[in-house]
Amino acid sequence: MTTPPAGTPPLAVEVEGPFACFTRPEFKTERLSYPVMTPSAAKGLLEAIFWKPEFTYRIERIEVLKPVQWFSVRRNEVDQTTSGDWVRRAMTDPATRFDAEANRDQRHMKGLRDVAYRIVTDIRLNPHADAHPAKYRDQFRRRVERGACFSQPFLGTREFSAAFAKPGDRAPISDSEDLGVMLHSIDYSGKRETYRWFHASMVEGVVHVPEQGAELPGSPAARTGGRG
Amino acid sequence: MLLKALADHAPHMADLPPTNYRPRTVRWCLTIDTDGEPVLRGADGRPQLNDLADAEHRNGIVLNAPYVYRSGAKPPPMLLVDTLEYVVAAAKNTTPKAQEEALRRNDAYIDLLRAWARDAGDDPAARAVLACFDQGRHRTVALPDGAKPSDVVAVSVHGHDWPHLGAAAQEAWRATVTARKSGRAGSGRCLSCGHERPLLDSLPEPVKAGLIPVATGRGRDAQLVSVNTSAQGRGGRIQLADIPLCEECGARSTAVLNALLAERSHRYRMPDSVIVWWLKDPVELPLMDVLLNAEPQDVAAVFAELEKPRRGRSAEDIEANRFYAATLAANQSRVVVREWIDIALEQALQRVAAWFRDHEIQPWRSDAPRPVPVWLMARCLGRGQDTNEGWRYTKDTEPQDAHRRLLGAALHTTPPPFALLTHLHQRIGADGRIDHARAALLRLAYNRTFATEHGKVPPVLDEERTESAYVAGRLFAVLESLQYRALRNPETGEGPNSTIADKMLSAAKATPRARMEPLLDKSQAHLRRLRTSGRPKDKGAQTAYFRTICDLHDLLDGPLPDVLDQEGQSLFSLGYYQQHAHDQRQRRAHANGSPQEDQS
């Protein structure tokens, strides 16, 4: 990965929405959100706007532009995820059905409402990239200006859509808070995903994100899993 | 955050049980001597159990005992203190399957004892216990009448302390729990404390049943962190596979939470949830008691703490102490965190002080503004009735979430939810009654929801205020007072059974013009009645009433308002209440012989 030369102006985008939920990992069943956006959510949001295999986003800071407000909701969900095996059975047997009533799970969510953030980021070129990074930065800015996106950006969970615009001059809120350990990023490069963490704190409405998060110790096979 | 704050609080909890222990109610005790022979024997010579229940402890005594959450088809035993099924192989019923399971459980229990005895070395208590169980003497114990297989039984050795509280037992139990709860996770960096430690597969201890209120009233053990189905975990993985929590944080956080929830001074139970609070560095300060009970000395203590000179203390010192509060509910066997507050103590004090500044109001029977406890403020949203001891609100008729919402408003310095204000207006209309608690809640809602910084309603009557809704409320109070005075029995001093407020307060605060103009017409008859009664005091009162009505009319720019919304109705009700409180104060001053100028 290539680091940009010093003095390069960072990219920024402002996002907002009526609801958001950046779930804390320890309270993921009865969901409880962090009070601010996480860098991994910010990265996902940026990739919904503009993604290319030639670069990755490096989130530098997240500025909180509206006071933190909360909402609660309890919803009916299901307790199963779809497995490849189930899909194969459903394809071969038309009588196979998923009965949501039989797999009901009622879950609570403590989320955020009326949120707005300014995400300040930069790009890191991947080894095979052969263009100047300014090209991708300009592409990103043009897409933000005209509101183009590959998929609808969202704020933590897919049901909470986000609107985005080029950065304005709104000042961050004045609150400061220790947010505890926060997910920094997910590494999908190995056979199975690996999580990286950092100790997050909001200082006068700004969460600074370190370049690297701490990986979960232990072998990746022991403590990670998922898509593999 | 929550888990770390709880675990960090463990050193401040004086009587916290050892790791992976919890207070359990123990009904029976198997007492043995140092040779492992049961001490207590019945008339038939068979060993017996000591009954630990007495008149004061009807279900037995509470002891710190080994405990870990267990489930599955073959739940494993606890060390030394467990149910009769595990300790003496008492089957649940007479079926072969139950008998077989009881024997299996007893065997597992004895295996655990052997592991402990190995670690305990030449501890005489351990040798005695092992001798008793190895030789099968426990099987000869006669079960007392009424004993259930689920009753908890402890083992004691005559002349020794409880063996399960010994250092060797604590260490052996800790190792057992580690093996059961950390088998697959290995070790790694804890998400809560950030240290490299053995990680948990699942939390060893749940929050005790009953500590978190549930709507059905039948609470059960609830896990603070729980991932039990594929949809709850990332990529379908369950338990703590993607939530690295170390043993220490996992065990301590729940133990501290259980201990805090059991303390009256650290929790407030509400119909649908419980709020638990603590300080990072505990200090004697009635921070939450003052909200809940509003005792004058507590209010004074909070304000005194806030006004303490802080010279010589750095900003870091002032910020160092934190106030934590978590509002918890339960969904089946999972804990729901409904609210988490982590603020500097200084900030918490400011919020509590702001709460009192925004709601305190002068009551009818006192000259100084007084605060209202949160429980009463919530309760006044329910129904009430006149009793021999005065007006009493009926418990559990208030909205279920009223306590939680009001405490949330206090701790966040936010307005109470609009729904509560609407509900309050509906109750005021139905009861025809605004008392001190309701007036305080109205003032809080108005000042935080509608008022600008300069438009806040003060705690005592504001005679200069010209909003038509406020003046209309004052006028309605004066008309009611006039009616009562004009129609009262001169002999007994008692007025009519019901006043205009009883009959039409609800309608008057919603549509003042339509309801109050006829009342103003009728007030002429009341004034005439006072004027012609022949009593000098009545004549003086008539003059005073007439002047007050004229003064209030002068404050109005135009006619009385046609329709009032929630904001207007709040002002009307506040004007009504404060006018009455003001009049009562004037009467008290007059009765004391020291006519007092209005202080507002």
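Data block above holds the structure.
Since the structure is predicted, the reported quantities are computational estimates derived from the model, not experimental observations. Residue numbers run consecutively from 1 along every chain, following the written order of its sequence. Naming scheme: in the order in which they are written, chains are lettered from A and ligands are numbered from 1. With the structure being a predicted model, the display of local features is reserved for residues of pLDDT at least 70 and the display and counting of side-chain atom pairs for 80 or more, all residues being used for whole-chain, interface and lining totals. Processing note: side-chain calculations cover all non-hydrogen atoms of the structure and skip hydrogens and water entirely.

> Run through the packing of helix 17 (residues 512–531) of chain B against helix 18 (residues 536–555) of chain B, naming residues and quoting values.
The geometry of a pair of packed helices is captured by two quantities: the angle between their axes and the separation between those axes. All names here are of chain B. Relative orientation of the contacting elements helix 17 and helix 18 amounts to 155°, with a least axis distance of 8 Å. The pairing of helix 17 with helix 18 is recorded here as roughly antiparallel in orientation. Mapping the contact onto sequence places Leu520, Leu527, Leu530 and Arg531 in helix 17 and Asp538, Lys539, Gln542, Tyr545, Phe546, Ile549 and His553 in helix 18. For this scheme, ten residues count as nonpolar: Ala, Val, Leu, Ile, Met, Phe, Trp, Tyr, Cys and Pro. Four count as charged, namely Asp, Glu, Lys and Arg, and the remainder, Gly too, count as polar. Taken together, the residues of the contact of helix 17 with helix 18 sort by class into six nonpolar, two polar and three charged. Where helices are involved, their axes are fitted lines through C-alpha atoms of the stretch in contact, as for all axes, and angles between N-to-C directions lie from 0 to 180°. A helix here means a DSSP run of H or I that spans at least four residues, while a strand means a run of E at least two residues long, and both kinds are numbered starting from the N terminus. Throughout, the term roughly parallel applies to angles under 35 degrees, roughly antiparallel to angles over 145, roughly perpendicular to angles from 65 to 115, and oblique to all others. Working rule for contacts: check all heavy atoms of both residues, and any pair within 4.5 Å makes them a contact.

> Account for the side chain of Thr83(B), with residues named and values stated.
All names here are of chain B. Tracing the sequence through the fold places Thr83 in strand 5 (residues 82–83). Three labels apply to residues, based on accessible area from a 1.4 Å probe with only protein chains included: buried if under 20% of the type maximum, exposed if over 50%, partly exposed otherwise in between. A relative accessible area of 11% places Thr83 in the buried class. Not counting residues up to four positions away in its chain, the partners in contact with Thr83 are Arg70, Pro149, Ser150, Asp151, Val152 and Val153.

> Describe unusual backbone geometry, naming the residues involved and giving the relevant values.
Residue and element names in this part refer to chain B. The backbone of Ala89 sits at a positive phi, close to 60°, despite the residue not being glycine. Inspection of the secondary structure assignment puts Ala89 in the loop between helix 2 (84–87) and helix 3 (96–120). Looking at Ala89, the relative accessible area reads 17%, which means it is buried. Phi at Gln332 takes a positive value of approximately 55°, unusual for a residue other than glycine. One can find Gln332 in the loop between strand 11 (322–331) and strand 12 (334–344). By relative accessible area, which is 56% here, Gln332 ends up exposed.

> Residue-level account of the state of the cysteines, with values.
Each disulfide consists of a covalent bond between the sulfur atoms of two cysteine residues. Residues and elements named next belong to chain B. Note on terminology: disulfide denotes any pair of cysteine sulfur atoms within 2.5 Å. Per the stated rule, a full pass over the model turns up zero disulfides over all chains. Free cysteine: Cys29, not disulfide-bonded; nearest cysteine sulfur from Cys132 at 11 Å. Cys246 provides the cysteine sulfur closest to Cys249, a residue in no disulfide bond, and the two sulfurs are 3.6 Å apart.

> Go over the packing of aromatic side chains with me, naming the residues and quoting the values.
Residues and elements named next belong to chain B. Note on aromatic contacts: the rings of Phe and Tyr and the six-membered ring of Trp form a pair at centre separations within 6.5 Å, being stacked when their planes are under 30 degrees apart, edge-to-face when over 60 apart, and tilted otherwise. Counted under the stated rule, the structure contains 20 aromatic pairs over all chains. Only when the NZ atom of a Lys or the CZ atom of an Arg is both within 6 Å of the ring centre and within 35 degrees of the ring normal do we say a charge sits over the ring. One residue, Arg22, lies across the ring of Tyr67, its end atom 4.0 Å from the ring centre. The aromatic ring of Tyr470 is capped on one face by Arg465, whose charged end is 5.6 Å from the ring centroid.

> Please give an account of the sheet that holds strand 11 of chain B that cites residues and values.
Adjacent strands of a sheet form backbone hydrogen bonds with each other and so pair up, either parallel or antiparallel. Residue and element names in this part refer to chain B. Two strands are counted as paired when DSSP detects at least two bridges linking them. The sheet built from four strands is open, its strands ordered 9-10-11-12 with antiparallel pairing. Pairing within the sheet leaves two strands with one partner each, and these edge strands are strand 9 (267–269) and strand 12. Averaged over all neighbouring strand pairs, the angle between strand axes comes to 15°, with direction disregarded. Both strand 11 and strand 12 contribute to a ladder of ten bridges, which runs antiparallel. Note on strand 12: the bridge partner recorded for Leu328 is Val337. Sitting on the sheet, helix 6 (residues 247–262) touches strand 9, strand 10 (274–279) and strand 11, and the angle it makes with strand 10 is about 105°. Strands strand 9, strand 10, strand 11 and strand 12 of the sheet are contacted by helix 12 (residues 402–412), whose axis makes an angle of about 25° with strand 12.

> Go over the sheet that holds strand 2 (residues 28–32) of chain B with me, naming the residues and quoting the values.
Residue and element names in this part refer to chain B. With mixed pairing, four strands are arranged side by side in an open sheet as 3-2-6-5. Whereas interior strands pair on both sides, the edge strands pair on one side only; in this sheet they are strand 3 (50–51) and strand 5. Here helix 4 (residues 124–134) sits on the sheet in contact with strand 2 and strand 6 (152–157), set at roughly 120° to strand 6.

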